[in-house]
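Letter by letter, the chains look like this.
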Amino acid sequence: MERAKQQIETLRRQLHDHNYNYYVLSQPAISDIEFDRLMRELTELEAQYPEYFDPNSPSVRVGSDINKSFTQVTHRYPMLSLQNTYSEGEVAEFYNRVKKGLNEDFVIVCELKYDGTSISLIYEEGRLTRAVTRGDGKKGDDVTDNVRTIHNIPLVLKGSDLPPYLELRGEILLPWSSFDALNRERAEQEEPLFANPRNAASGTLKMQDSRVVASRKLESYIYSMLGDALPAGSHYENMTLAREWGLNVSGAMKRCRTPEEIFDYLNYWDRERKSLPVTTDGVVLKVDSLSQQRNLGSTSKFPRWSIAYKFNAEKAVTRLESVTYQVGRTGAVTPVANLAPVLLSGTTVKRASLYNEDAINALDLHIGDSVYVEKGGEIIPKITGVEKEARFLLGDKVTFARKCPDCGTPLVRIGDEAAHYCPNSEGCPTQIKGRVEHFVTRKAMNITMGPETISLLWDKGLIRNAADLYTLQFDDLLRLERWAETSALNLLESIEQSKSVPYERVLYALGIRFVGEMVAQKLSHAFPTINLLAQASHEQLIAVEEIGDRIARSVIDFFSNAGFVDFVDRLRHNGLQFSLSEDVLAAKTDKLKGLTIVISGTFELHSRDAYKAMIIQNGGKNSGSVSKKSDYILAGENMGPAKLEKAAKLGVKLIDETAFLEMLR
Ligand code: IVH
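Residues numbered from 1 in each chain as written. Predicted model: local features only at pLDDT ≥ 70, side-chain atom pairs only at ≥ 80, totals over all residues. Heavy atoms only, no water.

Draft legend 1. Examining the overall build of the protein more closely. Regarding its fold elements, the protein presents 25 helices and 22 strands. Oriented by its inertia axes, the alpha-carbon framework of the protein measures out at about 95 × 80 × 45 Å. Buried residues in the protein amount to 50% of all 665 residues. Counting contacts in the protein only where the partners sit at least 6 residues apart, residues at least 24 apart contribute 68% of the total. (Helix = DSSP H or I, 4+ residues; strand = E, 2+ residues; numbered from the N terminus. Buried < 20%, exposed > 50% of the residue type's maximum accessible area, 1.4 Å probe, protein only. Contact = heavy atoms within 4.5 Å.)

Draft legend 2. How the structure looks around the pattern of salt bridges. Under the criterion given, the structure shown has 27 salt bridges. A salt bridge links Lys113 to Asp281, with the shortest nitrogen-to-oxygen separation between them at 4.0 Å. Of this pair, Lys113 sits in strand 3 (residues 108-114) while Asp281 sits in strand 10 (residues 280-287), and the two are 168 residues apart along the sequence. With respect to class, Lys113 is no different from Asp281; both count as buried. (Salt bridge = Lys/Arg side-chain N within 4 Å of Asp/Glu carboxyl O.)

Draft legend 3. Up close: the sheet that holds strand 20 (residues 621-623). Strand order in the open sheet formed by four strands is 20-19-21-22, and the pairing between neighbours is parallel. The sheet terminates laterally at strand 20 and strand 22 (653-655), the two strands that pair on one side only. Adjacent strand axes in the sheet meet at a mean angle of 35 degrees when their direction is disregarded. Bridge count between strand 19 (residues 596-600) and strand 21 (residues 632-635): four bridges; the pairing is parallel. Its bridge partner lying in strand 21, Ser600 is registered against Ala635. Running at roughly 150 degrees to strand 19, helix 24 (residues 641-650) makes contact with strand 19, strand 21 and strand 22 of the sheet. (Pairing = 2+ DSSP bridges. Axes fitted to C-alpha atoms, helices over the stretch in contact; angles between N-to-C directions.)

Draft legend 4. Local environment of the site of the ligand. What surrounds the ligand is the set Ser81, Leu82, Glu111, Leu112, Lys113, Tyr114, Ser118, Glu171, Tyr223, Val284, Lys286 and Pro303. At 3.0 Å, a backbone N or O of Leu112 approaches a nitrogen atom of the ligand. Take Lys286: an N or O atom from its side chain is 3.0 Å from a nitrogen atom of the ligand. Compared with its free state, where it exposes 520 Å², the ligand has 88% of that area covered by protein. For the shell around the ligand, the elements supplying multiple residues, two or more each, are strand 3 and strand 10. Of all the elements, strand 3 adds the most residues to the shell around the ligand, at four residues. (Near = heavy atom within 4 Å. Polar contact = N/O pair within 3.5 Å; in protein donor to acceptor, adjacent residues only side chain to side chain. Areas by Shrake-Rupley, 256 points an atom, 1.4 Å probe, with all protein chains shown as cover.)

Draft legend 5. Examining the packing of helix 3 (residues 88-102) against helix 9 (residues 259-272) more closely. Their axes nearest at 11 Å, the elements helix 3 and helix 9 cross at an angle of 140 degrees. Crossing of helix 3 against helix 9: the hand is right-handed. Together, Glu88, Val91, Ala92 and Tyr95 of helix 3 and Pro259, Ile262, Phe263, Leu266 and Asn267 of helix 9 make up the contact between the two elements. Its residues assigned to classes, the contact of helix 3 with helix 9 shows seven nonpolar, one polar and one charged. (Left-handed = near helix turned anticlockwise from the far one by under 90°. Nonpolar A, V, L, I, M, F, W, Y, C, P; charged D, E, K, R; others polar.)

Draft legend 6. A look at the nonpolar core. Phe439, Ile447, Leu469, Leu510 and Leu523 are the most contacted members of the largest nonpolar core, which has 56 residues in total. Elements with a minimum of two residues in this core: helix 12 (429-440), helix 13 (451-459), helix 15 (485-497), helix 16 (503-509), helix 17 (517-526), helix 18 (530-535), helix 20 (549-559) and helix 21 (562-573). The residues contacting Phe439, other than those within four sequence positions of it, are Ala444, Met445, Ile447, Ala466, Leu469, Tyr470, Ala509, Phe567, Leu571 and Leu576. (Core = buried A, V, L, I, M, F, W, Y, C linked by side-chain atoms within 4.5 Å.)

Draft legend 7. How the structure looks around the pairing of strand 4 (residues 117-124). Burial runs high along strand 4: seven of the eight residues are buried. Relative to strand 7 (residues 165-173), strand 4 runs antiparallel, the two sharing eight bridges. In the sheet register, Tyr123 faces strand 7, and the bridge partner there is Leu166. For strand 4 and strand 5 (residues 127-133), the ladder comprises six bridges, and the chain directions are antiparallel. By the bridge assignment, Leu121 is partnered in strand 5 with Ala131. The turn linking strand 4 back onto strand 5 is made up of two residues, and Glu125 within it adopts a positive phi angle of 50 degrees.

Draft legend 8. Quick peek at the sheet that holds strand 3. Read from one edge to the other, the open sheet built from five strands follows the order 2-11-10-3-9, with strand pairing classed as mixed. On the outer flanks of this sheet lie strand 2 (84-85) and strand 9 (254-256), each paired with one strand and no other. With two bridges connecting them, strand 2 and strand 11 (residues 306-310) associate as parallel partners. Residue pairing across strands places Thr85 opposite Tyr309, the latter belonging to strand 11.

What follows is the structure in structure tokens.
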């Protein structure tokens, strides 16, 4: 018993150290496989001896699915904000105010202003006990469970002589790479996009399911330390110590002694910030000495010993000509601002996303307004403000569409989602055509036809949904303008061939909201026939790995809609595959259980998609990007150099086609 306890503690210590080496120092000391082995050993022991449970164990980072609303916590020290300045002149004024106020030598620490969402981390006896959002500055939300999943936040601080109570404050951010990947995934699922990494980070931090938070790869940057007995009398020194304890403190922090040194720092980082992995929107200046900070004190809103200098965003002014709405295949309605063309960071901008009703209302937009457009590195330019003084003739106020721009059905907002939907899923032409377009894509039914053909068939009344493709007649097609025998035959042949597309892909083709390619594969393996899936309960659905509440509800909604059930029935009668093939069922194994495999490059023996299917069929997980969690890379020809480099750095093992197939034998 005692031995088990010791062993658990040793493993926890080792894993904390390895996490630190990996996430903070970027210098892993052991391979991923070795790390996973230690982690498995720990989780097994923890399962055997639940009496030694510790919420700060490195094994807890994977998150839990307990649903909770957040508890409000009062900050021991209020979370103030900073006065913003925009010019070197204002920075010089701040410097002179400090000089006059102190009347002695002082040092200004310059650091980057990270543009995320702020967090207060409470460490008692070196252990993370609580994480609270800024809230209104006095009280915030307790988001401890979610914060525990962030890898560069240590659950236990390294080092001895730690003050018994400490608050470390910092910013939680979503790096650009994760933000882009997240938005790509959301675009594919027709979910509203996040406007910028900041919104994505704060939205993620407030999610109910910490497993999802864990999957989003948030990062922290720590910029201040508070407590009754701090180790040093200087901010810079305390931050240096915090870094030694394992917290992620930016290396860009610099002590400056003259205004010139400060300006050099501002100019240097205004250029260099563009190559950082996360968003920064300025520089924060702080008086270094804590006793001098106390002497200067605070106003009711801001400290007198610190200011923020904001970088200029790349901005342009142009006219708002109209607002139009796009309807996607899931019915999600996105507002788009049509602008008088304007040049912005080298490209002509004609359109900007308006995101949703709340975003439109917050801007108080009128048609004809002069609007500011910004490209903060985001994919889509956005409108950040309106020049109200320039309104000479007030155009119509922009109010969010009440009706679907295509079918006229009143729009609805579901629950607390910001997006609007057209609920007429069975009658709205744009949605239906969108679903047919999705149905025929290569990764779904692989029928060779483009959006124009779909539109034409719709206009001629030949299709009302994708099931009608299977009853199309040769003569019907021949009657179409500019259609010759060959094109008609080719289309019919391609439709016929789609009848042998396997169940996994048919399930994806149905276009159930949130059921992408990977989810469809998971579901088809867990429920090998469509009847089993249609009858699955919420409980059975969420028991499947990576299927959460949102997907479960969407599947249940789909099968409770008589129209969709009828659609599926018609497809079935037309001979589509609605159960896993005997071969797939017979070949299902656990050989790759617990392994995450990334596929990269091109292959000779099987297609990429076939390898993807094999991984899932054998109980493994296929992932799109190389990370610490990857066990293997199935590497073909021409694997990208970035992936190769990352694999080498993380020590992920490369295997070729034959070695992979050997694993399955
Ligand atoms: S110090 C009393 N340092 O900017 C001083 N803040 O407008 C407290 N921020 O709420 C803040 N980087 O979320 C400080 N290096 C940095 C920062 C930083 C980003 C954020 C923080 C704060 C806001 C202040």
